[in-house]
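# Reading the structure
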Amino acid sequence: MIVRDRVAALQRRLKRFSAKRKAPQVLPGDSGPSSSAETAKVSVVIPVFNAMPYLTEMLDSLQAQELDQALFEVIAVDDGSTDASGKVLDDYARTNPHFRVIHQPNSGWPGKPRNVGIAASAAPYVFFCDADDRLGPDSLRRMVDYAFKHDVDVLVPKLVGINGRRVQASLFKVTELDIDRRKILGTLSPQKMIRRELLEHHNIRFHEDKVRLEDGMVMARCYLLANRVSVLADYDYYFIRTRDDGLNISSERTVAEGYTWSVGEIARIIKENEKDQDRADLMVLDLYRRKCLRTYDPERFGRLGRSIRSRWVEAHAEFVERYIPESLESELSPIFRQRSQLVRARDVDGLERLAGSEALLRAIPHSSSVQINSDGSAVLAFRMEPAGGFDELFLALRRRGGGKDEKLLLQSGSAGSDIYSVTVPGGLLRGYQGNIVDCFVEASVGGFSGPPQRVLIGDDVPLPSRENGVRAYSTIHGNLSLDLR
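What you are looking at is a predicted structure, and each value in this text was computed from that prediction instead of being measured.

Per the secondary structure count, the protein includes 15 helices and 21 strands. Overall, the C-alpha framework of the protein stretches about 85 × 55 × 40 Å when taken along its three principal axes. Residues counted as buried form 51% of the 485 residues belonging to the protein. For the protein, the proportion of contacts with a sequence separation of at least 24, taken over those separated by at least 6, is 76%. Charged side chains in the protein number 68 positive and 67 negative. The centres of these two groups are separated by 4 Å.

Quick look at the structure:
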């Protein structure tokens with residue numbers, strides 16, 4: 001298998017090296033091929049529309065790249081800017097011969113300028129940037145070296161959020177040569193370096209109309225059709241920004257029906273291109289959780305008017321009927337599962353009640369006292385933040401390393417007390433002998449169930465000495481556990 005894979009990779013390299021570069025296209029309003037057009041290993045494609053004052057920071061970061069100018073070119077496509085962006089681009093192109101500027105009438109969306117950039121490129125790789133972001137000075141050199149050394153089709157560089165922009169930091173903890181496709185589908189933004197042959201062979205292009213998540217549709221196809229997708233996390237490569245003026249495309253108001261149609265297109269692409277349909281279902285479920293079910297986060301849902309809420313629920317219900325079988329909902333965490341069940345039922349009232357209950361459903365338990373008795377039982381007491389209004393609270397004991405939770409009902413204290421307690425029988429604890437048991441509390445409010453929440457224990461809570469083989473202790477993260485080893 002290893003020998004066959006190496007032979008196949010070598011054949012792909014020979015094919016690419018023997019293929020002629022296409023002649024760069026020259027379009028109206030085009031400054032013409034850059035000085036690096038015939039030698040560049042990567043074309044940096046930037047759609048530009050009214051990007052000042054951020055544009056200069058991106059262009060400066062490209063000027064400062066430590067990669068030889070002969071090995072990369074910048075193709076900036078001015079999409080009919082009405083500010084100074086067009087002039088700034090022309091000024092930079094005059095002093096940077098490896099920069100190319102194409103001016104075009106406004107298309108209203110980044111898809112067309114990105115497609116124009118692809119068409120103008122002749123380099124083996126295309127790297128999509130946004131005009132209001134910036135690169136680290138050694139980004140392109142590191143990315144090009146890694147991609148060519150390892151025969152990468154899609155290279156995902158480490159993103160760093162600036163000015164409050166959130167990124168999925170968990171994706172960028174370590175470099176991964178062959179990242180799991182389900183995992184990488186967690187980032188659908190276009191700031192990736194992609195082999196141009198992959199785009200051309202499969203005729204992959206961006207939607208040119210005003211379609212939300214058009215970049216996600218492209219990235220999903222690229223991930224699933226690529227031979228190798230890699231994450232490069234050894235450097236701060238790409239700094240992605242939230243603009244002060246709030247004019248990021250992602251900040252624009254979304255329309256329920258159109259946005260959900262786009263999510264459906266990505267789901268269709270996944271189903272058509274992932275051979276393992278059980279795995280494809282899980283990929284679609286991840287997409288549904290991120291792009292649909294987060295609409296019902298209490299703060300976000302609370303900002304929507306009643307009629308808008310109904311439109312979102314109806315659009316999502318149609319998506320569910322097409323892509324999410326009921327059996328798949330068991331893979332969701334408790335609150336997301338309940339959201340999905342209510343969406344399926346088109347129950348707007350239920351979703352509103354759930355959103356109003358979530359603060360209590362996610363209440364954090366704090367240990368107030370721990371007692372180990374001579375018979376091996378344990379008496380645990382807790383207070384909840386926020387407090388009050390619970391239907392029921394359960395202690396969930398979980399064997400570290402896996403296993404089914406044991407649940408015990410907590411009893412409330414005297415009237416007006418916010419302390420809840422439970423006695424864990426010695427016989428139950430002895431069943432965990434030789435193991436560590438982690439403590440959680442689950443809340444029930446208004447007929448809804450919350451997720452297991454780890455019990456916190458402060459330094460001010462005294463912990464008893466080991467008794468009958470049971471020791472209560474605080475973990476490195478300040479959580480309550482029982483040691484029965």
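Strands belonging to one sheet form pairs held by backbone hydrogen bonds; the direction of such a pair is parallel or antiparallel. Taken together, four strands build an open sheet; the order of strands is β11-β12-β16-β15 and the sheet is antiparallel. Strand pairing shows two members of the sheet lacking a second neighbour, β11 (364-372) and β15 (411-412), which therefore form its edges. Where β15 and strand β16 (residues 419-424) come together, two bridges link them in antiparallel fashion. The residue bridging Q411 from the neighbouring strand is S421, located in β16.

Side chains that differ in sign of charge can pair as their charged atoms come close. Applying the stated criterion across every chain, the model contains 43 salt bridges. Here E329 ties to R344 by a salt bridge, and the two come within 3.1 Å at their closest N and O atoms. With E329 in the loop between α12 (306-323) and α13 (334-344) and R344 in helix α13, this pair connects stretches of sequence that are 15 residues apart. Exposure remark for E329: the relative accessible area of 3% places this residue in the buried category. Between R398 and D405 there is a salt bridge; the shortest N-O distance is 3.0 Å. Given a relative accessible area of 29%, R398 falls into the partly exposed group. Connected via shared salt-bridge partners are D138, R141, R142, D145 and D234.

Now for the sheet that holds strand β9 (residues 229-232). Within the open sheet, the seven strands sit side by side as β3-β2-β1-β4-β8-β6-β9. Their pairing is mixed. One side of each edge strand has no neighbouring strand; the edge strands of this open sheet are β3 (99-104) and β9. Here the strands of the sheet are splayed against their neighbours by 20° on average, with no regard to which way each runs. Inspection of the sheet shows strand β1 (residues 42-48) paired to strand β2 (residues 72-79) by seven bridges, in the parallel sense. Among the inter-strand pairings, S43 is bridged to a residue of β2, identified as E73.

So, on to α13. Most of α13 sits inside the fold, with eight of its eleven residues counted as buried. For α13, every residue scored as buried is listed here: P334, I335, F336, Q338, R339, S340, L342 and V343. Positive backbone phi, at 55°, marks R346, one or two positions downstream of α13.

Taken as a whole and assessed by the stated rule, the structure comprises zero disulfides. C129 provides the cysteine sulfur closest to C222, a residue in no disulfide bond, and the two sulfurs are 15 Å apart. Overall, the relative accessible area of 0% leaves C222 in the buried class.

The next thing to look at is the pairing of β2. Among the eight residues in β2, eight count as buried, and that is most of the element. Of the two faces of β2, both are covered, the one formed by F72, V74, A76 and D78 as well as the one formed by E73, I75, V77 and D79. Handedness of the crossover joining β1 and β2 through helix α2 (residues 54-63): right-handed. Taking the sense of rotation as the criterion, the β-α-β connection linking β2, helix α3 (residues 85-95) and β3 turns out right-handed.

Counting 136 residues, the largest nonpolar core has F127 and V154 as the members making the most contacts within it. Look past the residues within four positions of F127 in its chain and what remains in contact with it is V42, S43, V44, V45, L135, L140, M143, P157, Q191, K192, M193 and Y238. Membership of the second largest hydrophobic core comes to five residues, among which are I75, V77, I102 and A120.

Each pair of packed helices can be summarised by the angle the axes make with each other and by the distance between the axes. The interhelical angle for the contact between helix α9 (residues 256-273) and helix α10 (residues 277-291), taken along N-to-C directions, is 160°, at an axis separation of 9 Å. The angle between α9 and α10 falls in the class roughly antiparallel. Once α9 is placed against α10, the crossing between them reads as right-handed. For the pair α9 and α10, the contacting residues are Y259, V263, I266, A267, I270 and K271 in the first and Q277, A280, D281, M283, V284, L287 and K291 in the second.

Within the secondary structure, D286 is located in helix α10. Residue class for D286 comes out buried when judged on its relative accessible area of 8%. At 2.6 Å, the side chain of D286 and the side chain of R182 are in polar contact.

Now for the packing of aromatic side chains. Within this structure, the stated rule accounts for nine aromatic pairs. Considering the side-chain rings of Y235 and Y237, the 5.1 Å spacing of their centres and the 80° angle between planes classify their relative orientation as edge-to-face. Residue Y237 is classed as buried on the basis of its relative accessible area of 1%. With centroids separated by 5.7 Å and ring planes inclined at 20°, the aromatic side chains of Y288 and F319 adopt a geometry described as stacked.

Criteria and thresholds
Residue positions are given per chain, counted from 1 along the sequence in the order it is written. Residue-level local features of this predicted model are given only where pLDDT is at least 70; pairs of side-chain atoms are given and counted only at 80 or more, and the full residue set underlies all totals for whole chains, interfaces and linings. Side-chain descriptors were evaluated using all non-hydrogen atoms of the structure, hydrogens and water having been removed beforehand. Each helix is a run of DSSP H or I of at least 4 residues and each strand a run of E of at least 2, with the numbering of both proceeding from the N terminus. We call a residue buried when its accessible area falls under 20% of the maximum for its residue type, exposed when it is over 50%, and partly exposed in between, using a 1.4 Å probe and counting protein chains only. In what follows, a contact means two residues having at least one pair of non-hydrogen atoms within 4.5 Å. As used throughout, the charge tally considers Lys and Arg to be positive and Asp and Glu to be negative, leaving His and the chain termini uncounted. Think of each charge as sitting on NZ of Lys, CZ of Arg, CG of Asp or CD of Glu. Pairing between strands requires that DSSP locate at least two bridges from one strand to the other. Basic side-chain nitrogens of Lys or Arg form a salt bridge, by our definition, when they fall within 4 Å of a carboxyl oxygen of Asp or Glu. For helices, the fitted axis covers only the stretch in contact; all axes are lines through C-alpha atoms, and the angles between them, taken along N-to-C directions, range from 0 to 180 degrees. The disulfide definition used here is simple: a pair of cysteine sulfur atoms within 2.5 Å. When the strands point away from the viewer, a crossover counts as right-handed if the path from the first strand over the helix to the second runs clockwise. By nonpolar core is meant a set of buried Ala, Val, Leu, Ile, Met, Phe, Trp, Tyr and Cys residues that side-chain atoms within 4.5 Å join together. The labels follow the angle: roughly parallel below 35 degrees, roughly antiparallel above 145, roughly perpendicular from 65 to 115, and oblique for the rest. A clockwise turn of the near helix away from the far one marks a right-handed crossing, whereas an anticlockwise turn of less than a right angle marks a left-handed crossing. Think of a polar contact as two N or O atoms within 3.5 Å of one another; within protein, one of them needs to be a possible hydrogen donor and the other a possible acceptor, and neighboring residues in sequence only count if both atoms come from side chains. We call Phe, Tyr and Trp rings a pair once their centres come within 6.5 Å, taking the six-membered ring for Trp, and we label the pair stacked below 30 degrees between planes, edge-to-face above 60, and tilted otherwise.

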